[in-house]
Amino acid sequence: MIKLSHISKTYHRGQDVIKAVDDVSLEIRDGEIYGVIGFSGAGKSTLVRCINLLERPDKGGRVEIDGEDITSYPDRRLRELRSGIGMIFQHFSLMPSRNALENVLYPLRWRGIPKTKQIARARELLKLVELSDRADNYPSELSGGQKQRVAIARALANEPKVLLCDEATSALDPTTTGEILTLLKKLNSELGLTIVVITHQLNVVKDICSKVAVMEHGRVVEEGDVFKVFSNPVNEVTRRFISAATSLSKAEQMAKMPQVLRLHPGEKFVRLTYTGPGVSEPLISAVSNKFMITMNILFADVDLLEGAPIGGTVGILSGQPQNIDAALDYIRHKNVKVEVLANG
């Protein structure tokens, strides 16, 4: 559905040259929910605006939509193209002087559709986003989540094939974020929408995306299936995202606090990280019985990515040193990553 080839975007601010996007190539398949994640300033919002050419990429970059190279389209043809690409933003961009129904109606005004059919279409969309009872409410009378639902309905007015979401949940609380993500998954499933999600929130990618690209300094540093990228991160930026989003990262802090750990001689402070089917095996129980050791579990974190478990356990192993070492070797052979963070 979307193919980006060698996309760069350079800004000139006086004598300063800013490369917001640097030679990015991506392919996004029809019907996919594709995430682009990065810390602030990574270039992800500029990249998404290159998809519908709100930002024209530097010379040499190509944007293909549904097999057509749109990079050289004249402005008039671009306007027609954009009617097939919906877009929603962090701050909703609703018109405050129009109620919810009128906001959804706005993109239909120049389509040559009879007024009665426009209204019917707008009401149908408000029903789709579960806001039928708010048609007459103005943005000031709506919650953040309701405003974003109106914005989504408006983005769908022209029956787009693609929906671009630029930090669409960043201004929402966690519960409302979950509701909007559930709605996006529903739209993807029921309408066959191809959705591109730009975000700095790892949970957004984990919850709804099947593919992800990780950006830093305008470049894609890692890309692939969500489970593969986050279960076995190669790039340091990806590891930082995972570390910031999981309680397992607290282990490093604890390892530097011997007064909190209070390890006895021979004990080991460890972190076990596991992915895939092995997470369901009773490993801790098995090694405790097999090697006559104990594990004091301090905390654990398990999540689901694309229906597969990923997570880990942090704790203190006690027992005979040779038994602890044998147990850790056994765990490693179960494809579990073992990190000894401190020794007693």
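Look above for the structure.
Residue positions are given per chain, counting from 1 as you read along its sequence in written order. Only residues with pLDDT of at least 70 are given local features in this predicted model, and only at 80 or more are side-chain atom pairs given and counted; all residues enter the totals for whole chains, interfaces and linings. To get the side-chain values, take all heavy atoms of the structure and skip hydrogens and water.

Caption draft 1: How the structure looks around the sheet that holds strand E2 (residues 16-28). Whether two strands pair depends on DSSP finding at least two bridges between them. The numbering of helices and of strands both runs from the N terminus, where a helix is a DSSP run of H or I of at least 4 residues and a strand a run of E of at least 2. If you walk across this open sheet you meet the four strands as E2-E1-E4-E5, and the pairing is antiparallel. At either end of the open sheet lies a strand with only one pairing partner, and these are E2 and strand E5 (68-69). Sheet topology note: the strand E1 (residues 2-13)/strand E4 (residues 62-65) ladder contains four bridges and is antiparallel. Looking across to E4, one finds that Leu-4 is bridged to Val-63.

Caption draft 2: Summary view of the side chain of Arg-121. Tracing the backbone through its elements, the reader meets Arg-121 in helix H4 (residues 115-128). Contacts are assigned to residue pairs that have any heavy atoms within 4.5 Å of one another. Once you skip the residues sitting within four places of it in the chain, Arg-121 turns out to touch Leu-108, Leu-156, Ala-157 and Glu-159.

Caption draft 3: Structural context of helix H6 (residues 174-191). Under the convention used throughout, the expected extent of a helix is 1.5 Å for every residue step, that is, one less than its residue count. Helix length check: H6 (18 residues) gives 25 Å between terminal C-alpha atoms against 26 Å at 1.5 Å per residue, within 8%. All of the buried residues in H6 are Thr-176, Thr-177, Ile-180, Leu-181, Leu-183, Leu-184, Leu-187 and Asn-188. In an axial view of H6, the angular spread of the buried residues amounts to 155 degrees, which keeps them on one side of the axis. Among the exposed residues of H6, those pointing more than 90 degrees away from its buried face are Pro-174, Thr-175, Ser-189 and Glu-190. Contact partners of the buried residues in H6: strand E3 (33-37), H4, helix H5 (144-155), strand E7 (162-166), strand E8 (194-199) and helix H7 (202-208). As used in this structure description, the phrase polar contact means that two N or O atoms lie within 3.5 Å; if the pair is within protein, one of them must be able to donate a hydrogen and the other to accept it, and residues adjacent in sequence are counted only when both atoms belong to side chains. Its side-chain oxygen at 3.1 Å from the backbone nitrogen of Thr-175, Asp-173 defines the N-terminal cap of H6. We call a residue buried when its accessible area falls under 20% of the maximum for its residue type, exposed when it is over 50%, and partly exposed in between, using a 1.4 Å probe and counting protein chains only. Working note: the arc is built from the helix axis to C-beta atom directions.

Caption draft 4: Molecular detail of the pairing of E8. For E8, a buried count of six out of six residues is recorded, marking the element as mostly surrounded by other parts of the structure. Of the two faces of E8, the one holding Thr-194, Val-196 and Ile-198 and the one holding Ile-195, Val-197 and Thr-199 are both buried throughout. Strand direction decides the pairing type here: E3 and E8, joined by five bridges, are parallel. Residue pairing in the sheet places Gly-35 in a bridge with Val-197 of E8. As paired elements, E7 and E8 share five bridges and run parallel to each other. Paired with Asp-166 across the two strands is Ile-198, which belongs to E8. Of the crossover connections in this fold, the one passing from E7 over H6 to the parallel E8 is right-handed. With its strands directed away from the observer, a crossover is right-handed exactly when the path from the first strand over the helix to the second travels clockwise.

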